[in-house]
Amino acid sequence: MEFNKKYIYFIGIGGIGMSALARYFHQIGKVVAGYDKSTTDLTKRLQAEGIAISDFAESDAIPFPYRNAEDTLVIYTPAISADNPILNFFQDEDFECIKRAEVLGRISGSMSTIAVAGTHGKTTVSSMIAYLMNKADLKINAFLGGISRDFGSNLILNPGAEYMVTEADEYDRSFLKLSPNFSIITSIDPDHLDIYEDEDDLLDTYKAFANKIDASGTIYTKEKVKKELFLDGKKVVTYALNEIADAHSTITGVKDGKLEFDFEYGEHKLKGISCGLPGNHNVENATVALALLLDFGVSAEKLASAIKVFNGVQRRFDVHLNQKSIVYIDDYAHHPKEIKALVSSVRDLYPDRKITAIF
């Protein structure tokens, strides 16, 4: 869908999802500015790219060109307080004010969309898919929830893109605004309980997201999730690690600090391949990414070669120091299951080292 306004103003522009949208509009020729309460490396990068940003939460800080409701679209994050003076100014003056999720939904309606949902793994899986599609010369636009080490950005933009890859964020039920043709649901664990009443409420919302896929689309998920969401009648591809599923991988060992595994999906069988990222959970992430790309017609050999050198996302098992005396790893893990997976990955790689965790 076209966005006809010349000026785009972002409230909360420094968020990882908001900044990707800001870059998108800036690169397609819109005049972009925004507000964020914090000055960070990310906001500094946006400013260096030509986007004006203020950290003053006052309506007087809104630049003059963005004060005409006919020419300006306002995009805001649900994390912004309802009493934010800048948001209140735009709402009081009858500007078109829409949430980030609705913008993504409008964009996704014009392309074949791959949406990655789940409590854990969204950013890594969506980045992995975008990376593999790019390596396969498939033209994509991608909105990522982290800075890809392979692209150096959270936005991938290609003129004439046929496909869109995006995270499907369950926070604020945002993913219900998307129109996916292919969806991946990595996991469903209780989270964002400031939004959801309980686990049943969360499951009901995921069911609504799954039902956004029509008869021609495909859902990739685990057997447990398939049963929880009652996905009978949908085209579902299951995936698993060290278990039987439509697409499954089996870890066979460690070589040069990387896990090796065998992968099987239908007629496709790959032996002794490796993932560029450590941890059993990343082999599982690779399993669903490989299955999806095989369904897109990409050769198994090309995928095996590409996944081996995938560099992942900043702050996802980010190794800053790797010396005999000390190893320093930064990771975004905050949900208990994510922390458990992180610690397990560290123990696998460094079985004889003392681990100190700072949360």
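Residues numbered from 1 in each chain as written. Predicted model: local features only at pLDDT ≥ 70, side-chain atom pairs only at ≥ 80, totals over all residues. Heavy atoms only, no water.

A.B. asks: Help me out: how do you make sense of the overall build of the protein in this one?
C.D. replies: Across its full length, the protein carries ten helices and 17 strands. In terms of overall dimensions, the protein is globule-like: its C-alpha atoms have a radius of gyration of 21 Å, near the 21 Å expected for 359 residues. Its C-alpha atoms put the protein at 60 × 55 × 40 Å along the principal axes. Classification of the 359 residues of the protein by burial places 52% in the buried group. The contacts of the protein with a sequence gap of at least 6 include a subset with a gap of at least 24, amounting to 60%. For the protein, the exposed area adds up to about 17000 Å²; of that, 48% sits on carbon and sulfur atoms. One finds the centroid of the 39 positive side-chain charges in the protein at a distance of 5 Å from the centroid of its 51 negative side-chain charges. (Helix = DSSP H or I, 4+ residues; strand = E, 2+ residues; numbered from the N terminus. Rg over C-alpha atoms; globule rule 2.2 N^0.38 Å. Buried < 20%, exposed > 50% of the residue type's maximum accessible area, 1.4 Å probe, protein only. Contact = heavy atoms within 4.5 Å. Areas by Shrake-Rupley, 256 points an atom, 1.4 Å probe, with all protein chains shown as cover. Lys, Arg positive; Asp, Glu negative; His and termini not counted. Charge placed at Lys NZ, Arg CZ, Asp CG, Glu CD.)

A.B. asks: Explain the packing of aromatic side chains to me, please; I cannot follow it from the model alone.
C.D. replies: Aromatic ring pairs are defined here through the distance separating the ring centres and the angle between the ring planes. Evaluated as defined, the whole model comprises 15 aromatic pairs. Taking 6.2 Å as the distance between ring centres and 45 degrees as the angle between the ring planes, the aromatic pair formed by Phe89 and Phe95 counts as tilted. Across this residue pair, the class does not change: Phe89 and Phe95 are buried. On the numbers, 5.0 Å between centres and 50 degrees between planes, the contact of Phe182 with Phe296 is tilted. Linking Phe182 in strand 10 (residues 182-185) with Phe296 in the loop between helix 8 (280-295) and helix 9 (300-307), this pair joins segments that are 114 residues apart in sequence. Side by side, Phe182 and Phe296 carry an identical accessibility label, which is buried. (Phe/Tyr/Trp six-rings, centres within 6.5 Å; stacked < 30°, edge-to-face > 60°.)

A.B. asks: What should I look at first to understand the side chain of Asn285 in this one?
C.D. replies: Following the sequence through the fold, Asn285 ends up in helix 8. In this structure Asn285 touches Thr124, Val125 and Met128, once residues within four positions along its chain are discounted.

A.B. asks: Whenever I open this one, the packing of helix 5 (residues 122-135) against helix 9 confuses me. Can you help?
C.D. replies: Helix packing for two helices is described by the angle between their axes and how far apart those axes are. The N-to-C vectors of helix 5 and helix 9 enclose an angle of 125 degrees; their axes lie 10 Å apart at closest approach. The angle between helix 5 and helix 9 falls in the class oblique. Taken as a pair, helix 5 and helix 9 cross one another with a handedness that is right-handed. Where helix 5 approaches helix 9, its residues Met128, Tyr131, Leu132 and Lys135 are matched on the opposing element by Lys302, Leu303, Ala306 and Ile307. (Axes fitted to C-alpha atoms, helices over the stretch in contact; angles between N-to-C directions. Parallel < 35°, antiparallel > 145°, perpendicular 65-115°, else oblique. Left-handed = near helix turned anticlockwise from the far one by under 90°.)

A.B. asks: How should helix 3 (residues 85-92) be read in this particular structure?
C.D. replies: At 3.6 residues per turn, the α-helix brings residues three or four places apart onto the same side. Of the positions making up helix 3, those classed as buried are Ile86, Leu87, Phe89 and Phe90. Down the axis of helix 3, the sector holding all buried residues measures 160 degrees, keeping them to one side. Looking at the buried side of helix 3, the elements it contacts are strand 1 (7-11), strand 2 (31-35), strand 4 (72-76) and strand 5 (96-99). You can read the cap of helix 3 off the contacts: a side-chain oxygen lies 2.9 Å from the backbone nitrogen of Ile86, and it is on Asn84. Once helix 3 finishes, Asp94 follows within two positions and takes phi at roughly 60 degrees, a positive value. (Arc of directions from axis to C-beta. Polar contact = N/O pair within 3.5 Å; in protein donor to acceptor, adjacent residues only side chain to side chain.)

A.B. asks: Just checking my understanding: could you explain the pairing of strand 11 (residues 218-221) for this structure?
C.D. replies: Regular strands place side chains that alternate from one sheet face to the opposite one. Burial along strand 11 is two-sided: the residues Thr218 and Tyr220 and Ile219 and Thr221 are all buried. Taken together, the four bridges between strand 10 and strand 11 define a ladder with parallel strand orientation. Paired with Ile184 across the two strands is Tyr220, which belongs to strand 11. Here strand 11 pairs with strand 12 (residues 236-241) via three bridges, running parallel. (Pairing = 2+ DSSP bridges.)

By themselves, these are just geometric observations and shouldn't be taken as functional.
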